[in-house]
Amino acid sequence: MPPKTVPIHGNYHGYYSKRVTDAEGDVRLALLPPDLFADKRVLDVGCNEGWVTCEIAQTRHAREVVGVDIDPELVSLAWKRRKLLWSTQAPIRSGKRKRDTDEPELASLDPHYFPAAMHHIFGPLSVPPARTEDEKTRFPHNVAFVSADWVNNGCPAFDAQGYDVVLALSVTKWIHLNDGDEGIRAFFTRVLAALREGGTFVLEIQPWDSYAKARRMHPKLKENSAKLQLRPDAFGDVLKEVGFIEDEFLGVPGEGGFARPLRMYTKAPLS
Ligand SMILES: C[S@@+](CC[C@H](N)C(=O)[O-])C[C@H]1O[C@@H](n2cnc3c(N)ncnc32)[C@H](O)[C@@H]1O
């Protein structure tokens with residue numbers, strides 16, 4: 001890992017205090033189809049402190065969500081985030097949710113039921129073990145965090161089962177600057193391999209003009225940057241070359257420097 005003061009992987013601590021988030025949750029998730037995660041197995045690459053990962057696990061009825069980040073300290077903060085959210089959410093009522101019907105019942109649980117002050121004063125509630133198979137698929141049991149350089153190594157213990165949805169939000173710039181054009185190709189190829197047929201890749205790309213500040217952070221990034229031939233505008237072509245079949249533009253959420261296009265790509269279903 002690089003020295004703490006130089007977050008050359010975009011491994012910013014306190015990142016989510018800077019991102020513009022809506023009271024209802026992450027503005028990027030709000031643009032996605034409401035049932036995208038329902039009953040799905042999800043990977044969040046570059047999960048940072050786990051805010052988005054936990055939101056998907058807690059309020060989008062995902063079956064299992066894995067957050068992976070190259071920085072182990074961020075991963076440990078992500079586990080803390082899970083405990084905080086568990087401590088403030090409404091008690092889970094018994095009974096099955098509507099997962100076995102066609103229409104998923106979304107956001108049935110109040111994540112802000114107990115005031116955050118309770119957590120600050122008394123500390124987090126411990127997480128009891130899941131008592132049933134159904135409980136294992138609900139927050140907080142349905143989320144796990146792992147530290148790995150996913151681009152170069154993946155996390156085989158989790159990846160082997162495949163994912164229905166993979167997210168890469170604001171991470172391509174860091175992969176590009178650290179691993180070069182080949183690293184971006186390798187990343188998209190790994191995402192395709194990790195997705196199940198018909199699976200969805202949600203991608204938020206940082207534009208080229210945002211690289212300037214990042215490459216000044218470290219001589220290695222400056223040197224790598226000078227060798228780059230690919231530009232973020234061409235990532236869509238690379239995704240098609242590696243085998244993604246179609247893409248859908250969802251909009252440009254976020255404000256100021258965080259206003260970045262959000263797209264979904266599909267892995268061809270088995271014919
Ligand atoms: C700018 S943050 C974005 C966080 C989050 N995806 C979001 O948009 O809310 C980029 C994150 O990607 C992580 N990251 C960068 N390269 C990575 C890699 N090769 N494998 C796993 N995580 C990586 C960084 O540590 C950092 O936490």
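Quantities reported herein were computed from a predicted structural model and do not represent experimental measurements.

Reading the values: the criteria
Residues numbered from 1 in each chain as written. Predicted model: local features only at pLDDT ≥ 70, side-chain atom pairs only at ≥ 80, totals over all residues. Heavy atoms only, no water. 1 Å grid on protein atoms, 1.4 Å probe; cavity = no way out; pocket = protein on both sides within 12 Å on 5 of 7 lines; lining within 4 Å. Points joined across faces, edges and corners; volume = space filled by probe spheres on them. Helix = DSSP H or I, 4+ residues; strand = E, 2+ residues; numbered from the N terminus. Nonpolar A, V, L, I, M, F, W, Y, C, P; charged D, E, K, R; others polar. Core = buried A, V, L, I, M, F, W, Y, C linked by side-chain atoms within 4.5 Å. Buried < 20%, exposed > 50% of the residue type's maximum accessible area, 1.4 Å probe, protein only. Contact = heavy atoms within 4.5 Å. Polar contact = N/O pair within 3.5 Å; in protein donor to acceptor, adjacent residues only side chain to side chain. Pairing = 2+ DSSP bridges. Axes fitted to C-alpha atoms, helices over the stretch in contact; angles between N-to-C directions.

Chemist: It is not clear to me how the layout of surface pockets should be interpreted in this structure. Could you clarify?
Modeler: The gaps of empty space that remain are located by a probe, the size of a water molecule, rolled over the atoms. Considered as a void within the structure, the largest pocket measures approximately 800 Å³ in volume. Every residue lining the largest pocket is counted, 39 residues in all, and those nearest its centre are His9, Gly10, Tyr12, Ser170 and Trp174. Only helix H1 (15-18), strand S1 (41-45), strand S2 (64-69), helix H7 (150-153), helix H9 (172-194) and helix H10 (211-215) provide two or more residues apiece to the lining of the largest pocket. The element that contributes the greatest number of residues to the lining of the largest pocket is H9, accounting for 5 residues. Residues that form the lining of the largest pocket fall into these classes: 17 nonpolar, 12 polar and 10 charged.

Chemist: How should I be thinking about the nonpolar core in this particular structure?
Modeler: Counting residues in each nonpolar core, the largest one holds 38 residues, and the members touching the most others are Trp150, Phe187, Phe188 and Phe201. Elements that contribute at least two residues to this core include exactly S1, S2, H7, strand S4 (163-169), H9, strand S5 (195-204), H10 and helix H12 (235-242). No other element matches H9, which puts 9 residues into this core. Every residue in contact with Phe188, bar those within four places of it in the chain, is listed here: Thr172, Phe201, Leu203, Phe235, Val238, Leu239, Val242 and Phe244.

Chemist: Before we go on, may I ask you to explain the environment of Asn11 in this structure?
Modeler: Locating Asn11 in the fold gives a position in the segment before H1. Exposure remark for Asn11: the relative accessible area of 8% places this residue in the buried category. Between the C-alpha atoms of Asn11 and Glu49, which are 38 residues apart in sequence, the distance is 9.3 Å. Within polar-contact distance, the side chain of Asn11 engages the backbone nitrogen of His9 at 3.1 Å. Only 3.1 Å separates the side chain of Asn11 from the side chain of Asp71, close enough to count as a polar contact.

Chemist: Looking at this structure, I do not really get the sheet that holds S2. What am I missing?
Modeler: Sheet strands pair by backbone hydrogen bonding; their relative direction is either parallel or antiparallel. Here 7 strands make up an open sheet; going across it, the order is S3-S2-S1-S4-S5-S7-S6 and the pairing mixed. On the outer flanks of this sheet lie strand S3 (143-147) and strand S6 (244-251), each paired with one strand and no other. Strand-to-strand twist across the sheet, computed as the mean angle between neighbouring axes with direction ignored, equals 20°. With 6 bridges connecting them, S4 and S5 associate as parallel partners. Residue Leu167 lies in a different strand from S5, and its bridge partner there is Val202. Sheet strands touched by H9: S1, S4, S5, S6 and strand S7 (262-267). Its angle to S5, the strand with the most contacts, is close to 155°.

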